[in-house]
Amino acid sequence: MDDLFQRYADAWGRRNPDAIVALHTDDTTFHAHVGQEPARGKAAVRRAFADLLAQFPDLAFTQVSLRTGSDFWVVEWRMSGTLAGTDSAFEVDLVDLITVEGGLVKSKDSYIDAVSLQAQLGMAVAQ
């Protein structure tokens, strides 16, 4: 599990959506829990990752903690970046829950401090 986690984190660090989804199952899901529907299947997940990386071209993650099991990992991050085309920067907490099947990522659920993210980027916060 530690090897897969490291390869996955490295792919994100290289900001390469193809390398990231190469570590996912064909029927994978990605759900950023910020009020949007999950992406299902490799093509949709790749699009979601590519869109995220385009939206925040300098997106970066600093690991806070990691817990692994036989078929999952939970990692706390400090996520930072700048909204494309602006000077609006952010730094927020993020928790990823990753499930693994057959040595590949089956699902990625990302829990983001969306209220803080919106406030830092000057976006209206939903009431």
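Preceding this section is the structure that the text describes.
Structural notes, computed from the coordinates. Predicted, not measured: the structure shown is a model, and the values here were computed from it.

## Digging into the pairing of strand β6 (residues 104–112)
Then, number 1: Judged from the five bridges that link them, strand β1 (residues 24–32) and β6 form a sheet pairing that is parallel. Paired with His 24 across the bridge in β6 is Val 105.
Then, number 2: Bridge count between strand β5 (residues 89–101) and β6: eight bridges; the pairing is antiparallel. For Leu 97, the partnering residue across the bridge sits in β6 and is Asp 109.
Then, number 3: Between β5 and β6, which follow one another and run antiparallel, lie two residues, and Gly 102 among them has a positive phi close to 60°.

## Here we look at helix α3 (residues 42–55)
Then, number 1: Helix length check: α3 (14 residues) gives 20 Å between terminal C-alpha atoms against 20 Å at 1.5 Å per residue, within 8%.
Then, number 2: Inspection of α3 places Ala 44, Val 45, Phe 49 and Leu 53 among the buried residues, and these make up the whole buried set.
Then, number 3: Here the buried face of α3 lies against α1 (2–13), α2 (17–21), β1, β2 (39–40) and β6.

Cut-offs applied
- Residues numbered from 1 in each chain as written.
- Predicted model: local features only at pLDDT ≥ 70, side-chain atom pairs only at ≥ 80, totals over all residues.
- Heavy atoms only, no water.
- Pairing = 2+ DSSP bridges.
- Helix = DSSP H or I, 4+ residues; strand = E, 2+ residues; numbered from the N terminus.
- Expected span 1.5 Å × (residues − 1).
- Buried < 20%, exposed > 50% of the residue type's maximum accessible area, 1.4 Å probe, protein only.
- Contact = heavy atoms within 4.5 Å.

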